[in-house]
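# Secondary and tertiary structure notes
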Amino acid sequence: MNSVLNKILLIEDNPGDARLVREMLSEIDDPTFSFDIECVTKLSMGLEFLAQNKVDVILLDLSLPDSHGIDTFFQVYKQSPDTPIVVLSGFKDETLSIEAVKNGAQDYLVKGHVDGHLLKRSIRYAIERQGIERELLESKQRYTRLVQMVPDVVYTIDAEGIFTFVNDAIRVLGYEPEQLAGKHFSVMMHPDDAGLVSRSKVLSGNQGNALSAKDIPRLFDERRTEKRKTMGLEVRLLRNKTNVSDNEYVYVEVNASGLYLKTISRDEKVFLGTIGIMRDITERKRTEAAIQQMAFYDSVTGLPNRTLFRDRISMSLAHAQRVNGMLAVLFLDLDKFKLVNDSLGHAVGDQLLKTVADRLVNCTRKGDTVARMGGDEFTLLLPVIKHKGDAEEVADKILEKISHPFVIDGHELTVTTSIGIALYPADGNDIDALLKNADIAMYYAKDAGGNNYKHYTKMLSVKVSRRMVMENELRQALERNEFFICYQPQINVTTGRIVGVEALLRWQHRELGLVFPSEFIPVAEGAGMVVPISEWMLSAVCTQGKAWQSAGLPAVRLALKLPSHVFQWCSFMETINRVLQETGMTPSLLELEITETAAMRNMEVTATRLSLVNALGVKIAIDDFGIGYSSLSCLSSYPIHTLKISKSFVQGITANPHVESIVKAIIVMAKNLKMNVIAEGVETWEQLAFLKEHQCEEAQGPLFCKPELPAIVEKLLSQDTSFSRA
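The structure presented is a predicted model; accordingly, all values stated were derived computationally and were not measured. Residue indices begin from 1 for each chain and proceed along its sequence in written order. Predicted model: local features are reported for residues with pLDDT of at least 70 only, side-chain atom pairs are reported and counted for 80 or more only, and whole-chain, interface and lining totals are derived from all residues. Here the side-chain values reflect all heavy atoms present in the structure, with hydrogen atoms and water set aside.

## Focus on the pairing of strand β18 (residues 416-424)
The side chains of a regular strand alternate, residue by residue, between the two faces of the sheet. The rule is simple: take the accessible area with a 1.4 Å probe, protein chains only, and divide by the maximum for that residue type; under 20% is buried, over 50% is exposed, in between is partly exposed. The helix count covers DSSP runs of H or I at least four residues long, the strand count covers runs of E at least two residues long, and both are numbered beginning at the N terminus. Across the nine residues of β18, eight count as buried, placing the element largely inside the fold. Of the pairings in the sheet, the one linking strand β13 (residues 326-335) to β18 comprises nine bridges and is antiparallel in character. Note that in β18 the partner of L330 across the bridge is I421. In short, DSSP must find at least two bridges between two strands for them to pair. Looking at chain direction, β18 and strand β19 (residues 453-455) are connected through three bridges and run parallel. Note that in β19 the partner of G420 across the bridge is K454. Look down the strands so they point away from you; if going from the first strand over the helix to the second traces a clockwise path, that crossover is right-handed. Taken together, β18, helix α14 (residues 431-447) and β19 constitute a β-α-β crossover, and its handedness is left-handed.

Printed below as a string of structure tokens:
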């Protein structure tokens, strides 16, 4: 075995002690141990020697002529921190020697109690231990550099939850590593996630309470190791607000394992703390949230979509079944929403939907769900109610809030909603039944005029089934020529002769029989079929009018009432012009009727369209005048030719003095505005006498003739029939 030469520096001022050390070393009989010793008697000499030479070990007496006590050790250690030091002390100085060992000396020997063998072993062990410590230090430095290069947060905490190490990646939270040294982990914990990271808190069953550092003794208090250790725990950590200005917290994924020390005296392990890695998964969580948003939330309103709504009904049904409770599903549809889209565009329509969604949410209680099913349909889930009155209270609140005007891009819009209500368990025991029955009730509310709510009843299913049949077959009705037109004569009250006819649409359904416009036009509006039906009707009326002219019959006016929002239709003018040219109908004999309510809707657009119609020579009439909200300025600015007094007034003129006054006022106003006046729904000669007395020029109603097919009207015209009282 090769001998290793050990260079030794002895710092000793006592010649006898120095000689004794030399003698003990020379007496060592070990071929593997050889030495070269250099002796100095002062600290200053030793420091000078160490500054110029490298040695393997230093033998140091703490009491020297130029230094005494522990300071002697500190100066030597400072000069040569990588060289092992063995302290030589007197018996009385043993306390100082122990202090030196605590501060970095490898060993100490008491003079007079040491021999060559002990001295050799102390020197050898000091050199070996120093080498081991150097390797450990280098290993630690390599480990530290490696850990600092890792993009994930690496940390250790002790058994009390105090950080003992954290790498530079902690800066993602706005902390510097030294800021967390000695701090409890709870300074970073999001309060809502505290229960996830403290096993003791979870076991105590106190999740959800406000937690302080005392309440949470450990971070990720993982004592388990190997297969049972924590893997993939997702929690939120708060950012250091003084150092960062963006998001308040970050999501991290934690993997942690317990740290243990195995004792030598006993076969047991002592828990030291936890080591873990935290990976920033904030971006991943944002992506997941975005995917979740797209999958379960409506892109226009941000409300839950159909899928999420069904899931929430499912959970609420399960709870209601367990506790024998009640819940309600409300199905909402905006009345005449399609008119907004058609006249103002989808951008305004989408903004209106967003605002409606906000109002609906403000009408609900905590725990309720508002969802958008698609188009202009919304649903509400009231998961806990005591009686149906709770659902009615919410419905009333919705009707009131929605009825307030909406201001969208400078447009003041007024919309209403129809609401259907289905209750569990009375109206259905599963998701599909409740949604279907709430939808049926909504259709019934819409058929009743809208802006109201209806509860589901079994009788409604029959009515809605009829509506659904109509909706499904409206398109085929045009193709199968199931629509036809009847004409009701309009009579000059003085001569009794026909001066005009009003065209009235009918649908002869092969199963439902004769269906009137009051029933199928609202269905057509909802199904988007009202425009093609109106085009067909306009063409059919003009064709019939031209045929009567060609037959040499008296030239009478043909009045045609179109659905209200057809006047807002963008290609309305082109269609009228095209039909007039194709049929050859005389424009001055065509009169288009618009309701008083429709005339007040979007007045600027309506005025422009009516002026263009008038420019073609086509006349304009206001239908059902007196029951709407038109203003005198509206009548004076529109190119109106005829006012039609509503039959609800005509039928009351001989029984109600107030109604008589209203009818007389309408006639006088029309005369002053140089407009023609027609009274609708005349049923008795007394009514006719009143109208004639007050100079109402024309009338129509069952007193003269009910709506008839073209052939019968043609016969009446050809015979120049008079409807005067004999």
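## Let's talk about the pattern of salt bridges
Whenever a carboxyl oxygen of Asp or Glu lies within 4 Å of a side-chain nitrogen of Lys or Arg, that contact is scored as a salt bridge. Scanning all chains against the criterion turns up 32 salt bridges. Its salt-bridge partner being E12, residue K111 comes within 2.8 Å of it at the nearest N-O pair. Remark: E12 occurs in the loop between β1 (4-11) and α1 (15-26) and K111 occurs in the loop between β7 (107-110) and α5 (116-149); sequence separation between them is 99 residues. Residue classification places K111 among the partly exposed positions, given a relative accessible area of 25%. Between R578 and E535 there is a salt bridge whose closest N-O contact spans 4.0 Å. Placement of R578 in helix α18 (residues 572-583) and of E535 in helix α17 (residues 530-550) is noted, with a sequence separation of 43 residues between them. A residue is classified by how much of its surface remains accessible, and R578, at 36% relative accessible area, is partly exposed. Given the relative accessible area of 26%, E535 is considered partly exposed.

## A closer look at the pairing of strand β8 (residues 153-158)
The element β8 is extensively covered by neighbouring structure, given that five of its six residues are classed as buried. Pairing of β8 with strand β12 (residues 269-280) involves six bridges; the strand directions are antiparallel. Across the sheet, the residue bridging to Y155 is G276, located in β12. Note: β8 against strand β9 (residues 163-166), three bridges, orientation antiparallel. Bridge assignment links Y155 to a residue of β9, and that residue is V166.

## Quick look at the environment of I712
Its location among the elements puts I712 in helix α25 (residues 710-718). You can call I712 partly exposed: its relative accessible area is 39%. Each C-alpha atom of the pair I712 and Y487 lies 9.1 Å from the other, and the pair is 225 residues apart in sequence.

## Regarding the packing of α14 against helix α15 (residues 458-479)
Here an axis means a line fitted to C-alpha atoms, over the contact stretch when the element is a helix, while the angle between two N-to-C directions is reported on a 0 to 180 degree scale. In the contact formed by α14 and α15, the axes pass within 9 Å of each other and the chain directions differ by 75°. In terms of axis orientation, α14 runs roughly perpendicular to α15. Facing α14, whose interface residues are I440, A441, Y443, Y444, K446 and D447, α15 presents L460, S461, K463, V464, R467 and E471. Amino acids are sorted into nonpolar (Ala, Val, Leu, Ile, Met, Phe, Trp, Tyr, Cys and Pro), charged (Asp, Glu, Lys and Arg) and polar (every other residue, Gly among them). Broken down by class, the residue content of the contact of α14 with α15 amounts to six nonpolar, one polar and five charged. Note on angle classes: values under 35 degrees are labelled roughly parallel, values over 145 roughly antiparallel, values of 65 to 115 roughly perpendicular, and the remainder oblique. Contact between two residues is taken to exist if any of their heavy atoms lie within 4.5 Å; hydrogens are not considered.

## Let's talk about α1
Every helix has an expected span of 1.5 Å times one less than the residues it contains. Helix length check: α1 (12 residues) gives 16 Å between terminal C-alpha atoms against 16 Å at 1.5 Å per residue, within 8%. Burial in α1 covers these residues: A18, V21, M24 and L25. Here the buried residues of α1 occupy an arc of 125° about the axis, which is enough to place them on one side. The outward face of α1, more than 90 degrees from its buried face, is lined by the exposed residues P15 and S26. What the arc covers is the set of directions going from the helix axis to the C-beta atoms.

## So, the nonpolar core
Nonpolar core, defined: a set of buried Ala, Val, Leu, Ile, Met, Phe, Trp, Tyr and Cys residues in which side-chain atoms within 4.5 Å join the residues together. Core analysis: the largest hydrophobic core is formed by 80 residues, its most contacted members being F483, Y487, L592, L643, V663, V682 and F704. Among the elements that take part in this core, α17 stands out by supplying eight residues, more than any other. In this structure, A328, L360, C363 and L382 belong to the second largest nonpolar core, which totals 32 residues.

## Points about a nonpolar patch on the surface
Each patch is assembled from residues with relative accessible area greater than 30% and no salt bridge, linking like charges that lie within 9 Å and nonpolar side chains (Val, Leu, Ile, Met, Phe, Trp, Tyr) that lie within 5 Å. All accessible areas in this document rest on Shrake-Rupley with a 1.4 Å probe, and a residue is counted as covered only by the protein chains that are shown. A surface patch of nonpolar side chains, about 300 Å² in accessible area, is lined by L259, L261, V270 and L272. Taken together, the elements giving at least two residues each to the nonpolar patch come down to β11 (249-262) and β12. By secondary structure assignment, the location of L259 is in strand β11.

## Observations concerning the packing of α15 against helix α16 (residues 517-527)
Remark: α15 packs on α16, axes separated minimally by 9 Å, with the N-to-C direction vectors making an angle of 65°. Where α15 crosses over α16, the two elements pack in a sense that is right-handed. Contacts between α15 and α16 pair R466, R467, M470, E471, L474 and R475 from the former with E519, F520, P522, V523, A524 and A527 from the latter. Two helices crossing with the near one rotated counterclockwise from the far one by less than a right angle form a left-handed crossing, whereas a clockwise rotation gives a right-handed crossing.

## Some points on the confidence of the model for the protein
As a per-residue quantity, pLDDT reports the predictor's confidence and falls between 0 and 100. Averaged over every residue, the pLDDT of the protein is 84; residues scoring 70 or more account for 90%. This model gives residues 199-219 a pLDDT under 50, and the stretch forms 40 contacts once residues within four places in sequence are excluded.

## Notes on the packing of aromatic side chains
Aromatic rings from Phe, Tyr and Trp, with only the six-membered ring used for Trp, were paired whenever their centres fell within 6.5 Å, and each pair was classed as stacked if the ring planes differed by under 30 degrees, edge-to-face if by over 60, and tilted otherwise. One pass over the full model with this rule turns up 10 aromatic pairs. Measuring from centroid to centroid gives 6.1 Å for F483 and W536, while their planes differ by 45°, and the two rings are tilted. Separated by 53 residues along the polypeptide, F483 in strand β20 (residues 483-492) and W536 in helix α17 bring together distant segments of the chain. A relative accessible area of 5% means that F483 is categorised as buried. A residue is classified by how much of its surface remains accessible, and W536, at 27% relative accessible area, is partly exposed. Relative to W548, the ring of Y487 lies with its centre 5.3 Å away and its plane at 65°, an arrangement referred to as edge-to-face. Taken together, the residues Y487 in strand β20 and W548 in helix α17 connect sequence positions 61 residues apart. Here Y487 and W548 have matching classes, each one buried. Members of the aromatic cluster, each reached through a chain of ring pairs, are F483, W507, F520 and W536. Criterion for a charge above a ring: Arg CZ or Lys NZ at most 6 Å from the ring centre, at most 35 degrees from the ring normal. The ring of Y251 has K285 lying over it, and the distance from NZ or CZ to the ring centre is 5.1 Å.

## Observations concerning empty space enclosed by the protein
Only protein atoms enter the calculation, which uses a 1 Å grid: trapped sets of points that fit a 1.4 Å probe without letting it out are cavities, open sets showing protein on both sides within 12 Å along at least five of seven lines are pockets, and any residue with an atom within 4 Å of a point is a lining residue. Grid points are joined across faces, edges and corners, and a volume is the space filled by probe spheres set on the points. Under the criterion given, the structure shown has three cavities of 30 Å³ or more. Here the largest cavity is characterised by a volume of approximately 100 Å³. Lining the largest cavity, in full, are E12, D17, L20, V21, M24, L88, L109, V110, K111, G112, V114 and L119. Of all the elements, α1 adds the most residues to the lining of the largest cavity, at four residues. The class makeup of the residues in the lining of the largest cavity is eight nonpolar, one polar and three charged. Size it by volume and the second largest cavity reaches roughly 50 Å³. Lining of the second largest cavity is provided by G545, W548, Q549, L553, P554, A555, V556, L558, M585 and L589. When residues in the lining of the second largest cavity are grouped by element, the largest group, three residues, is from α17. Across the lining of the second largest cavity, the residue classes break down as eight nonpolar, two polar and no charged.

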